[in-house]
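Coordinate inspection notes
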Amino acid sequence: HDHRTYSFCTLLETLATMNALTERTVLLKTKLDSLDQVKNLNLWGNSITEISIIRKMSNVQVLSLSVNKITTLADFAYCKQLTELYIRKNEVSVLAEVRHLSDLPKLKILWLCDNPCASHQKYRSYVLKILPGLDKLDNIDVTQQERQEAAKMPSSEFESIERGVSPKPSGGDRSSPTPQGSRTPPRRTGESLDKLQRNLVTAVLALADELNPTALEVVYQDITSRIRK
């Protein structure tokens, strides 16, 4: 195996077994030499629970960490160059966690839907009150009217959210619709995959997103050949 094959296999192994995001994983994924060089990181769908390492990514601009098990937004507060944050389908349950993003002046796109906190009746209004500079929240463009209405949120409502009052069912202030594109490893009829194998499949699908059509064709032909053996 050449160096590239080794790195690919090592990355798959790391992604499949990790819960805490590590410097090694990030550098393998990005093929960079140091964390401060990272500007774009995509590690969705890997059951990640702990992401404190991103505090060292001082120049990161785009983070895609959807479909993981992240419970807090606190670590993102250190990413001052962040412009886009994709963190849908995680386990952020307290809406006031959005406060951790309030000192990110360049943040323009936030995807937070499909977290427990997004079921709050005032989800969209609260987020826009805290982050009026957003251009897009989930898959919906932010209008000037929305910003103005969010700014007028009664202090009693705002304070109840800050205290972590239990989320209410969606009502007049509708949450964003569930965006398309989440990827779940396929399960063939009559077969079951253990946890490691399913995580490996998820990692492979995530990496496949980076391949161009020619590379995908090569992968397809190789896999087809192996299945027929």
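The sections below set out a description of the structure shown in this document. (Residues numbered from 1 in each chain as written. Predicted model: local features only at pLDDT ≥ 70, side-chain atom pairs only at ≥ 80, totals over all residues. Heavy atoms only, no water.)

Digging into the overall build of the protein chain
Let me state the cut-off plainly: Helix and strand labels come from DSSP, where a helix needs a run of H or I of at least four residues and a strand needs a run of E of at least two; each type is numbered from the N terminus. Three exposure classes are used, based on accessible area relative to the maximum for each residue type with a 1.4 Å probe and protein chains only: buried under 20%, partly exposed in between, and exposed over 50%. Two residues form a contact once any of their heavy atoms are found within 4.5 Å. Surface accessibility in these figures is a Shrake-Rupley result with a 1.4 Å probe; residues are shielded only by whichever protein chains are displayed.
Looking only at helices and strands, the protein chain has seven helices and six strands in total. Of all 229 residues assigned to the protein chain, the portion counted as buried reaches 39%. Long-range contacts, defined here as pairs at least 24 residues apart, represent 50% of the contacts in the protein chain between residues at least 6 apart. Here the protein chain has roughly 13,000 Å² of accessible surface; of this, 50% comes from carbon and sulfur atoms.

Brief notes about the pattern of salt bridges
Heads up, the rule is: For salt bridges, the criterion is a side-chain nitrogen of Lys or Arg within 4 Å of an Asp or Glu carboxyl oxygen.
Per the counting criterion, the structure on display carries four salt bridges. Put simply, Lys136 and Asp141 hold a salt bridge, and the shortest N to O gap is 3.9 Å. Asp141 sits in the exposed class, given a relative accessible area of 52%.

Re the state of the cysteines
How we decide: Any pair of cysteine sulfurs within 2.5 Å is marked as a disulfide.
As enumerated under the stated definition, the model contains zero disulfides in all. Unpaired in this structure, Cys117 has its nearest cysteine sulfur neighbour in Cys113, at a distance of 9.8 Å. For Cys117, a relative accessible area of 0% gives the class buried.

Side note on the sheet that holds strand E4 (residues 109-111)
Just so we agree on the cut-off: Strand pairing is assigned whenever DSSP detects at least two bridges linking the two strands.
Ordered in space as E1-E2-E3-E4-E5-E6, the six strands form an open sheet in which the pairing is mixed. Each of the sheet's edge strands pairs with one partner strand only, and the pair in question is strand E1 (40-42) and strand E6 (140-141). Where E4 and strand E5 (residues 136-137) come together, two bridges link them in parallel fashion. Residue pairing for E5: Leu110 is matched across the bridge by Leu137.

A few points about the packing of helix H3 (residues 123-130) against helix H5 (residues 155-162)
Which entries qualify depends on this criterion: To get an axis, a line is fitted to the C-alpha atoms, and for a helix only the part in contact is used. The angle between two axes follows their N-to-C directions and goes from 0 to 180 degrees. Angle categories are assigned with fixed cut-offs, so that under 35 degrees is roughly parallel, over 145 is roughly antiparallel, 65 to 115 is roughly perpendicular, and the rest are oblique. Polar here means any residue other than Ala, Val, Leu, Ile, Met, Phe, Trp, Tyr, Cys and Pro, which are nonpolar, and Asp, Glu, Lys and Arg, which are charged; Gly is therefore polar.
In the contact formed by H3 and H5, the axes pass within 11 Å of each other and the chain directions differ by 90°. Put simply, H3 runs roughly perpendicular to H5. Mapping the contact onto sequence places Tyr126, Lys129 and Ile130 in H3 and Phe158, Ile161 and Glu162 in H5. Considering only residue class, the contact of H3 with H5 consists of four nonpolar, no polar and two charged.

Re H5
Put simply, the test is: Here, the arc refers to the directions that run from the helix axis to the C-beta atoms.
Where H5 is concerned, the buried positions are Phe158, Ser160 and Ile161. Buried residues along H5 cover an arc of 160° about the axis, so they all sit on one side. Packed against the buried residues of H5 are H3.

Here's the deal with the packing of aromatic side chains
Each aromatic ring pair is specified by the distance between its two centres and by the angle formed by the two planes. Selection rule: Classification of ring pairs rests on two measures: the distance between centres of Phe, Tyr or Trp rings, Trp counted by its six-membered ring, which must be within 6.5 Å, and the angle between planes, read as stacked under 30 degrees, edge-to-face over 60 and tilted in between. Any Lys NZ or Arg CZ that is within 6 Å of a ring centre and within 35 degrees of that ring's normal is treated as a charge sitting over the ring.
Tallying each qualifying case throughout the model produces two aromatic pairs. The ring of Phe158 has Lys129 sitting right over it, with the charged end atom 5.4 Å from the ring centre.

As for the environment of Asp135
Assignment of secondary structure puts Asp135 in the loop between H3 and E5. Counting along the chain gives 25 residues from Asp135 to Leu110, while the straight-line C-alpha distance between them is 8.6 Å.

Some words on a nonpolar patch on the surface
This is how it is decided: For patches, a residue must show more than 30% relative accessible area and have no salt bridge; joins then use 9 Å for like charges and 5 Å for nonpolar side chains, namely Val, Leu, Ile, Met, Phe, Trp and Tyr.
A cluster of nonpolar residues, Val219, Ile223 and Ile227, forms a patch on the protein surface that exposes about 260 Å² of accessible area. Within the secondary structure, Val219 is located in helix H7 (residues 213-228).

Observations concerning the side chain of Thr25
Using the following cut-off: We define a polar contact as two N or O atoms separated by no more than 3.5 Å, with the added condition that, inside protein, one atom must be a possible hydrogen donor and the other a possible acceptor, whereas residues neighbouring each other in sequence contribute only through side-chain atom pairs.
Relative to the elements of secondary structure, Thr25 occurs in helix H2 (residues 23-30). Polar side-chain contacts of Thr25 include one of 2.9 Å to the side chain of Thr22.

Function-wise, these values are silent; they only describe arrangement.
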